[in-house]
Amino acid sequence: MKLWSWVLIFIVCNLTFSTISAFRLSRSQPTERISGSAGDVLEDDPVGRLKVFVYELPSKYNKKILQKDPRCLNHMFAAEIYMQRFLLSSPVRTLNPEEADWFYVPVYTTCDLTPNGLPLPFKSPRMMRSAIQLIASNWPYWNRTEGADHFFVVPHDFGACFHYQEEKAIGRGILTLLQRATLVQTFGQRNHVCLKEGSITVPPYAPPQKMQSHLIPEKTPRSIFVYFRGLFYDVGNDPEGGYYARGARAAVWENFKDNPLFDISTEHPTTYYEDMQRAIFCLCPLGWAPWSPRLVEAVIFGCIPVIIADDIVLPFADAIPWEEIGVFVDEKDVPYLDTILTSIPPEVILRKQRLLANPSMKQAMLFPQPAQPGDAFHQVLNGLARKLPHEKSVYLRPGEKLLNWTAGPVADLKPW
Amino acid sequence: MKLSALHQSYLNRRSNSFRSPTSVDSSVDGSGKSLIAVFWLILHCLCCLISLVLGFRFSRLVFFFLFSTSSTNLYSAPFPDLPVKHLDVHTLGRRLEPGANLTVASGTTTTKSSRVVVGRHGIRIRPWPHPNPVEVMKAHQIIERVQKEQKSVFGMKSSKMVIAVTPTYVRTFQALHLTGVMHSLMLVPYDLVWVVVEAGGATNETASIIAKSGLRTIHVGIDQRMPNTWEDRSKLEVFMRLQALRVVREEKLDGIVMFADDSNMHSMEFFDEIQNVKWFGTVSLGILAHSGNAEEMVMSMDKRKEMEKEAEEDSSSLPVQGPACNSTDQLVGWHIFNTLPYSGKSAVYIDDVAAVLPEKLEWSGFVLNSRLLWEEAENKPEWVKDFGSLNENEGVESPLSLLKDPSMVEPLGSCGRQVLLWWLRVEARADSKFPPGWIIDPPLEITVAAKRTPWPDVPPEPPTKTKDQMPLSQGGNTAVVIPKQQQHSTKIRKPKRRSKRNKHEPKLTDTTQVSSSSSKRQERN
């Protein structure tokens, strides 16, 4: 009898302590854990669950390109560079390719920049092809699976379609040699040619130190209802509107330019990050491509993202329940954006803010150097680990060839 | 790069539709093929000419409509449910098939059912693209709810009542100053009691102003009238404040006492910061000593820079009264306003056009816990004199006289580095008159709209006395009344942009213009 009462007390104590620890107070705000299998996955540790072998490519594929233009370290496509640096010093790296589950090919395809800083993708297919030919001829692992256990980071506008114009990108499709590999890319749109089944969507690179240095005290009251800074009409390329952003950004401007609740303009204020921390909703509409760094900034600064991009696939969609965190608005409903936003019940808004305040959520969107637990690098590795073990069908029989090495536009077949 | 997007897509479409009719006519035999080729070539040239003449978009439209029966996937994006107006005349979107072949029959569905189409879309605008007031209100409620949540999470857990003490008296600028303070106090998110002490007895004028606030007020009158010199005025104000503190003691009001002089300006952070006071605190007060004469102001600033002492503030141009701290954030003294540059040049009478200087230590820079004033309060510190036995004849200059040990004062606002309120004294002339309650009743008989800005280039001539002229404050603008004899018409200055609007309206006078002697008849509204 006495034993039972002691056991009961023990169980009750355990329960109370576990509920207390469930309330992770960081920066003194009660946050909500994204409960359920989706959210807890953010904190998984990939070390020990997979092994990655990094190919040693000649430096003309990575280091020399970076030396030619160091701006690549700061633009939104810098994930490919930091991914390689992370993997080289990470505990998941193995020097023995026989025991590796995944193979990483470090080639910087998005580092050929114009004077303005925009990457040109015209040589990227050739560069990729040349890299693959190199690894296929020097190591047997590519031919073993025709690349099905290899992964590449292609953070460009439309991923491995390697073009900035959507129509051209769709016309090209994903590079044939990458048809079996896993692609880690920022682009994601359902039922789109350039998003392959099994790709891992990552957020675009946003400089973590710069964002940290612009934090303001959390008790500053949020007084802006909707905030947006950026282009509505791309005057240089689409002066009439209708092409850029599928007309969605222009619709936002035309409908809400005189609405006092919407703080929207094309300016580049120096207080951009501070203003985002004073806003409740931040618009993240599509541009020429559906993804944008605004999503990362909104999550870091606790501003609820309003995503206006039909069929978009958001980063780490299998680990982060974006529906509960952000607001999704169809492009056809943009003229009624104010009605939609004001009809959200305040409890829902408060809940979304609590979810956004979760530090593991913010950490998952960043690429900090050096890497920290729970950041975007680890989420990528978690995603790769979840795809293990590889199916038996991935391994080809000797002599079997599934990829057509001569497919694609003729210009792509030229050596790089 | 993207400049050629439109051009490229145009060529694509033209080449696509170019191809497909030939696939339809694949059954034609070889001999007719060259004829058809020539025919298409001629048509191509014709279309080029049309586009040259009519412009790219119209010719493309014509071309498409001519060949709309062919197998191009011409697809006008449907907007069935929303009654929207399109900025763009053509709302053509094309669904591009992933992969190569264009199917022949029209009305085919694509293999991947993506509802997102590439291409030109219309820009949707709703019929009345302006803010809806109901939604604006809802949004403000949401903002308020979010801020309340933020406050409860990050802000004060328990807040004390704020007791604001304001000495005032009836004068021209009373409504101006008192309304400013009133609006600040109405925005304070904490409980508030406003103790208004009035010199010259509690009047209806003051009572009507403070009643508009909706705050809990205690209106006390004292019988002495406010004297006409700044020195005497500040002495009487000290007396009035002490009266208010007696009221606090008698009513046993529990909260934080702050001194809201009626011409000061308070920031909202001030009210948040004073919640942190335990017993007696001090904040930094920005001094706006204004002379009304700009050149004199500049001169005095230069002089002040010459005679800067070491203990003074750094080269900030705004003098600040506030606590001085050492490096460990402990109070070591006070910064006060340097009156040397103004010696002999400061205002003596209330309506002097000279700099009005603050006292050595202004009361508004201090806050205290009201329990210090009570007869009996638990944990009352020993370094506080008993308020009940305060002898005013000994001279109470600053709130520090209430304490035995001034070093126990808590510096607030990150040790005085934040200026949380501003001191200013601006008063109208002693003989200035104003309509009671600032309501002109009955309304003036003659009102004429000013054509341009009413500020005169030249000071107005004093108005001649007529029956319907009301006495107006002299420093202000005589915007509304015209005595009949002085009709002014000619414009001396160049017409500003407003004159464009009034081009077609009957000529109106600008009442404050000084005339040349020609007098045109004007029409009046």
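Predicted, not measured: the structure shown is a model, and the values here were computed from it. (Residues numbered from 1 in each chain as written. Chains lettered and ligands numbered in written order. Predicted model: local features only at pLDDT ≥ 70, side-chain atom pairs only at ≥ 80, totals over all residues. Heavy atoms only, no water.)

Caption draft 1: Inspection of the UniProt feature "transmembrane region" (unreviewed entry) in chain B at higher detail. Mapped onto this structure's residue numbering, the UniProt feature "transmembrane region" (unreviewed entry) falls at residues 35-54 of chain B. Secondary structure across residues 35-54 of chain B divides into 100% helix and 0% strand, with the first and last C-alpha atoms of the span separated by 28 Å. (UniProt positions renumbered as here; feature names shortened; annotations may be inferred. Helix = DSSP H or I, 4+ residues; strand = E, 2+ residues; numbered from the N terminus.)

Caption draft 2: Region of the structure containing the packing of aromatic side chains. Within the structure shown, the criterion is met by 30 aromatic pairs over all chains. For the pair Tyr244(A) and Trp288(A), a centre-to-centre distance of 5.3 Å together with 55 degrees between the ring planes defines the contact as tilted. In this pair, Tyr244(A) is assigned in the loop between strand 8 (224-229) and helix 9 (248-256) and Trp288(A) in the loop between strand 10 (279-285) and helix 11 (294-300), connecting sequence segments 44 residues apart. A relative accessible area of 7% means that Tyr244(A) is categorised as buried. An aromatic cluster is present here, built from Phe53(A), Tyr55(A), Phe103(A), Trp139(A) and Tyr141(A) joined pairwise through their rings. Geometry around Trp374(B) places Lys252(B) over its ring, the cationic atom sitting 5.3 Å from the centre. (Phe/Tyr/Trp six-rings, centres within 6.5 Å; stacked < 30°, edge-to-face > 60°. Buried < 20%, exposed > 50% of the residue type's maximum accessible area, 1.4 Å probe, protein only. Lys NZ or Arg CZ within 6 Å of the ring centre and 35° of its normal.)

Caption draft 3: Geometry of the state of the cysteines. Per the counting criterion, the structure on display carries four disulfides over all chains. Between the sulfur of Cys161(A) and that of Cys194(A) lies a disulfide, 1.9 Å long from S to S. Between Cys161(A) and Cys194(A), the S-S dihedral sits near -115 degrees, and the bridge is therefore left-handed. Taken together, the residues span a long stretch of sequence, with Cys161(A) in the loop between strand 5 (150-154) and helix 7 (166-172) and Cys194(A) in the loop between strand 6 (182-185) and strand 7 (200-201) at a distance of 33 residues. Looking at Cys161(A), the relative accessible area reads 0%, which means it is buried. The cystine pairing of chain A, numbering bonded cysteines in sequence order, is 1-2, 3-4, 5-6. Counting only cysteine sulfurs, Cys48(B) is the nearest neighbor of Cys47(B), a cysteine outside any disulfide, at a range of 7.3 Å. (Disulfide = S-S within 2.5 Å.)

Caption draft 4: Structural context of the pattern of salt bridges. Per the stated rule, a full pass over the model turns up 27 salt bridges over all chains. Linking Arg71(A) and Asp69(A) is a salt bridge whose minimum nitrogen-to-oxygen distance equals 3.1 Å. Taken together, the salt bridges that share partners define one network made up of Arg171(B), Arg233(B), Glu237(B), Arg241(B), Asp261(B), Asp262(B), Arg425(B) and Glu427(B). (Salt bridge = Lys/Arg side-chain N within 4 Å of Asp/Glu carboxyl O.)

Caption draft 5: Representation of the packing of helix 5 (residues 174-186) of chain B against helix 6 (residues 204-211) of chain B within the structure. All names here are of chain B. At a minimum axis distance of 10 Å, the contact between helix 5 and helix 6 shows a crossing angle of 30 degrees. Put simply, helix 5 runs roughly parallel to helix 6. Between helix 5 and helix 6 the crossing geometry is right-handed. Side by side, helix 5 and helix 6 meet where Gln174, Ala175, Leu178, Thr179 and Met182 of the first sit next to Glu205, Thr206, Ile209 and Ile210 of the second. (Axes fitted to C-alpha atoms, helices over the stretch in contact; angles between N-to-C directions. Parallel < 35°, antiparallel > 145°, perpendicular 65-115°, else oblique. Left-handed = near helix turned anticlockwise from the far one by under 90°. Contact = heavy atoms within 4.5 Å.)

Caption draft 6: Structural view of the interface of chain A and chain B. Listed as interface residues are 60 residues of chain A and, on the opposing side, 46 residues of chain B. Summed over both sides, the interface between chain A and chain B buries roughly 4900 Å², with carbon and sulfur atoms accounting for 60% of that surface. Counting across the chain A and chain B interface gives three salt bridges. Between Asp238(A) and Arg120(B) there is a salt bridge, with the nearest N and O atoms lying 3.8 Å from each other. Taken together, the connections running from chain A to chain B amount to 13 residue pairs in polar contact (both at pLDDT 80 or more). For the side of chain A that touches chain B, the secondary-structure elements that each account for two or more residues are strand 2 (29-30), helix 7, helix 9, helix 13 (337-342) and helix 14 (346-356) of chain A. (Buried area = accessible area lost by both parts, 1.4 Å probe. Polar contact = N/O pair within 3.5 Å; in protein donor to acceptor, adjacent residues only side chain to side chain.)

Caption draft 7: Geometry of unusual backbone geometry. Residues and elements named next belong to chain A. Residue proline 370 is reached from glutamine 369 by a cis peptide bond, and omega for that bond is -5 degrees. Tracing the sequence through the fold places proline 370 in the loop between helix 15 (359-364) and helix 16 (376-386). Non-glycine residue phenylalanine 162 carries a positive phi angle of around 50 degrees. Here phenylalanine 162 lies in the loop between strand 5 and helix 7. Owing to a relative accessible area of 2%, phenylalanine 162 belongs among the buried residues under this scheme. For alanine 245, which is not a glycine, the phi torsion comes out positive at approximately 60 degrees. According to the relative accessible area criterion, alanine 245 is buried, its value standing at 1%.

Caption draft 8: Spatial organisation of the pairing of strand 13 (residues 331-335) of chain B. All names here are of chain B. Here strand 12 (residues 320-325) pairs with strand 13 via four bridges, running antiparallel. Residue pairing for strand 13: cysteine 325 is matched across the bridge by leucine 331. Linking strand 12 to strand 13, which pair antiparallel, is a turn of five residues; within it aspartate 329 sits at a positive phi near 60 degrees. (Pairing = 2+ DSSP bridges.)

Caption draft 9: Quick peek at the packing of helix 14 of chain A against helix 4 (residues 133-154) of chain B. The interhelical angle for the contact between helix 14 of chain A and helix 4 of chain B, taken along N-to-C directions, is 45 degrees, at an axis separation of 10 Å. On the basis of their axis angle, the class for helix 14 of chain A and helix 4 of chain B is oblique. For the crossing formed where helix 14 of chain A meets helix 4 of chain B, the hand is right-handed. Judged by residue contacts, Pro346(A), Ile349(A), Leu350(A), Gln353(A) and Arg354(A) of helix 14 of chain A engage Ile142(B), Arg145(B), Val146(B) and Glu149(B) from helix 4 of chain B. Residue composition of the contact of helix 14 of chain A with helix 4 of chain B, grouped by class: five nonpolar, one polar and three charged. (Nonpolar A, V, L, I, M, F, W, Y, C, P; charged D, E, K, R; others polar.)

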